[in-house]
Structure formats: C-alpha cells, structure tokens
Amino acid sequence: MSQFQKKVDVVRTELVARDVFRLTLMAPEIVAAARPGQFVMVQIAENKDPLLRRPFSIHQASSEGLLQILFKVVGRGTELLAQCRVGEQVSLLGPLGHGFIMGDPGKACLVGGGMGIAPMFFLAHRFIEQSSSAGPRVMPRVILGARNREELEPLVIDFQSLGVEVLAATDDGSLGHHGLVTDVLKKLNLEPESTVYTCGPRPMMAAIHHLCKKENIACQVSVETTMACGMGACLGCAVPMKGGGYRHACSDGPVFASGELLWSL
Ligand SMILES: Cc1cc2nc3c(=O)[nH]c(=O)nc-3n(C[C@H](O)[C@H](O)[C@H](O)COP(=O)(O)OP(=O)(O)OC[C@H]3O[C@@H](n4cnc5c(N)ncnc54)[C@H](O)[C@@H]3O)c2cc1C
C-alpha cells in the first residue's frame, strides 16, 4: 500500500456545528491511494506543538485531489487544527491502516455516531460510485446519530446531497428518532446477507456488534482508539481480540470484523 508524507495546503475551512470543523486539504497523492475507512495522521503546526501527529479518518477524497477531515475540538491538537486558515500548511501522513471491505452497495447499512460519521461519508460516496459504474445507482442505507439537531443536521444534509435517504437519531429527540441508532437499526430488520459498517463511540459499536451477531449479519467496525504513531511502532493503540492477545488499531485496523474483537472490556 502506498503511503505519503506531505506538507499540504489548507484550501477550505468550515465550522460545521459548535466545536465541529471540516478542513479541506490539497493532497492528490494521498487521495489517489485512499480507501474508505483509512485515516491520515495530521501534524498540526510548524513549531511541532503538540509534538505528536493526530489521527483523523478520511471524510472525503475527491477526484480533484481534495481530502477532507471532519473533527471535533477535544484538546490542544484539535484546538490548533481548528485555527488553521486557508493558505496555511499542515503535514499529512497517509493513507494509513486497513479500511472497510466493500461488498454489495444494495446490502450495505452504514451506521455513524458522533464523529464516527466522518468515515461514513467517504464510504457512502464510494458505494454510490461503485454501483453507478456497474449500472443504475444503488444507495446504501444510512443511519446517523448524535446528541442533538445542531450537531447532526449539517451532516444529514451532506449525505442527502449524495441522494441518500438518512435515518437520523438524536439523544434529545430534536431530529429524527428520539433515542439510539441501534433502535433504528433494529427496526430495519436487515436481511441476513446485509453488512453493517459502523464507526462511533465504543458502547454504540458494541451494541451494534451484539445486535448483528444475534441476527447473523456481518458487521465491520472502525476502532478509533488513542494512538501516537499511526504505523504500528509505538504500540499505543493495542485492541484486545476475542481469541486472546492484542492487535494494533493503526496497522491491523482501524477496521475489523466486529466478531474478531473482545467487546467485554
Ligand atoms: C483511526 C482514528 C480516526 C479518527 N478519526 C477522527 C475523526 O474523523 N474525527 C474526529 O473528531 N476524531 C477522530 N479521531 C480521534 C482524534 O484523533 C482525537 O480526537 C484527537 O487525536 C484528539 O487530539 P487533541 O490533541 O485535540 O486531544 P488530546 O489532548 O490528545 O485529548 C483530549 C481528550 O480526548 C481524549 N481522546 C483523544 N483521542 C481520543 C480517541 N481516539 N478516542 C477517544 N478519546 C480520545 C483524550 O483521552 C483526552 O481526554 C480518530 C482517532 C483514530 C485513532
């Protein structure tokens, strides 16, 4: 797999919701090699403050060489990233990790929670491209969840712009179903040949794993553990496996078949 380390230009910055930002970067080499579910390590500033790169899922990779990341400000690194302006540069390393294994778009159900929605957009886009190159466009099913309408609505609109019908769920009921994405998923009664692709908070992914296991449906999860190097060198992102031992989210994942992981920890 090709990987690149590049200083790239920031070409667009957007405030999507409170504390949620989208950066558009000109990164043609990384875009050409990128697959949904892969991520990039972003080095925030020239002065290397903070020193470590931070991992972000590839939110979109367009044919014009533009790469987008969608992120929430949670600490010093994301705070600095949110202050990046058009014309500035950031250092990118990627694409990294193993992404989603894409099956039949008509049997795909994408479930994103919170910032776990970020990789789902690229995945939905690729599913639609894949289907339209083989015949009529087939839309994957998409379920998105967040705390409230303010956080979720701009992202729902993005997916709708792809032509996708979005089933929304919010914790406070201000948009879509009042409750969890798993309630919505249960009601879909997916056929057994379906595959669920998911990214979000660990309890959400654990619940989705258990639901899929019960219904005998395949499920792939993207695990966003904290990580430092992104290349399997620092051992900071070890995830416990069902069969014993650990694997690295950065180099073995971040996408795993949900049945491979130990969910009880
Ligand atoms: C493969 C991968 C893909 C990711 N994709 C995205 C994305 O698309 N959008 C996005 O907003 N975030 C994403 N993250 C999480 C993102 O990397 C962290 O939010 C970021 O590194 C925080 O950096 P910081 O310096 O702002 O915060 P820090 O100062 O490093 O941490 C602030 C707080 O956030 C917690 N934290 C840091 N990283 C994580 C994490 N991975 N999971 C849970 N809590 C964490 C810390 O424990 C601490 O409490 C991804 C992580 C991984 C491993």
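Parameters at a glance
- Residues numbered from 1 in each chain as written.
- Predicted model: local features only at pLDDT ≥ 70, side-chain atom pairs only at ≥ 80, totals over all residues.
- Heavy atoms only, no water.
- Domains from an automatic or database assignment.
- Contact = heavy atoms within 4.5 Å.
- Buried area = accessible area lost by both parts, 1.4 Å probe.
- Salt bridge = Lys/Arg side-chain N within 4 Å of Asp/Glu carboxyl O.
- Polar contact = N/O pair within 3.5 Å; in protein donor to acceptor, adjacent residues only side chain to side chain.
- Helix = DSSP H or I, 4+ residues; strand = E, 2+ residues; numbered from the N terminus.
- Nonpolar A, V, L, I, M, F, W, Y, C, P; charged D, E, K, R; others polar.
- Pairing = 2+ DSSP bridges.
- Axes fitted to C-alpha atoms, helices over the stretch in contact; angles between N-to-C directions.
- Core = buried A, V, L, I, M, F, W, Y, C linked by side-chain atoms within 4.5 Å.
- Buried < 20%, exposed > 50% of the residue type's maximum accessible area, 1.4 Å probe, protein only.
- Phe/Tyr/Trp six-rings, centres within 6.5 Å; stacked < 30°, edge-to-face > 60°.

1. Some details on the domain arrangement of the protein chain
- With domains assigned, the protein chain is organised as domain 1 (4-96) and domain 2 (105-222).
- Computed over C-alpha atoms only, the centres of domain 1 and domain 2 are separated by 23 Å.
- Counting residues at the interface gives 16 residues for domain 1, matched by 14 residues for domain 2.
- At the boundary of domain 1 with domain 2, total buried surface from both sides reaches about 1500 Å², with 61% on carbon and sulfur atoms.
- Taken as a group, P36, H59 and Q60 account for 32% of the area that domain 1 buries against domain 2, more than any other trio of residues on that side.
- Counting the contacts that link domain 1 with domain 2 gives two salt bridges.
- The partner of K72 in a salt bridge is E151, with the nearest N and O atoms 3.0 Å apart.
- In this assembly, domain 1 and domain 2 are joined by six residue pairs in polar contact (both at pLDDT 80 or more).
- Those elements that place two or more of their residues in the side of domain 1 that touches domain 2 are strand 1 (4-17), strand 2 (20-26), strand 5 (60-61) and strand 6 (66-72).
- No other element matches strand 6, which puts three residues into the side of domain 1 that touches domain 2.
- In the side of domain 1 that touches domain 2, the residues fall into nine nonpolar, three polar and four charged.

2. Points about the sheet that holds strand 16 (residues 255-257)
- Strand order in this open sheet of seven strands is 11-10-9-8-12-13-16, and the pairing throughout is mixed. In this open sheet, the two edge strands, each paired with only one partner strand, are strand 11 (177-178) and strand 16.
- Two strands pair when backbone bridges link them, and strand 13 (residues 218-222) and strand 16 are joined in this way by three bridges, in the antiparallel orientation. Note that in strand 16 the partner of S222 across the bridge is V255.
- Running at roughly 160° to strand 8 (residues 108-113), helix 3 (residues 117-134) makes contact with strand 8, strand 9 (141-146) and strand 12 (195-199) of the sheet.
- Against the sheet, helix 5 (residues 181-188) makes contact with strand 8, strand 9, strand 10 (166-170), strand 11 and strand 12, and its axis sits at roughly 155° relative to strand 9, the strand it touches most.

3. Overview of the nonpolar core
- Judged by nonpolar contacts, the single largest core of 32 residues is most densely connected at V111, L185, V196, I208, V221 and L261.
- At the level of secondary structure, the elements contributing two or more residues to this core comprise strand 3 (39-43), strand 7 (89-96), strand 8, helix 5, helix 6 (202-215) and strand 13.
- In terms of residue count, helix 6 provides more of this core than any other element does, six residues in total.
- Counting residues domain by domain, this core receives three or more from each of domain 1 (4-96) and domain 2 (105-222).
- Counting 30 residues, the second largest nonpolar core, distinct from the first, contains V20, V164, A168 and C199.

4. Topic: the packing of aromatic side chains
- On inspection of all chains with the given rule, the structure shows five aromatic pairs.
- Between F56 and F71, the ring centres sit 5.6 Å apart and the planes meet at 55°, which makes this aromatic pair tilted. Of this pair, F56 sits in strand 4 (residues 54-57) while F71 sits in strand 6, placing them 15 residues apart in sequence. Across the pair, F71 and F56 agree in class, each one buried.
- When the ring of F127 is compared with that of Y197, the centres are 5.3 Å apart and the planes differ by 65°; the resulting orientation is edge-to-face.

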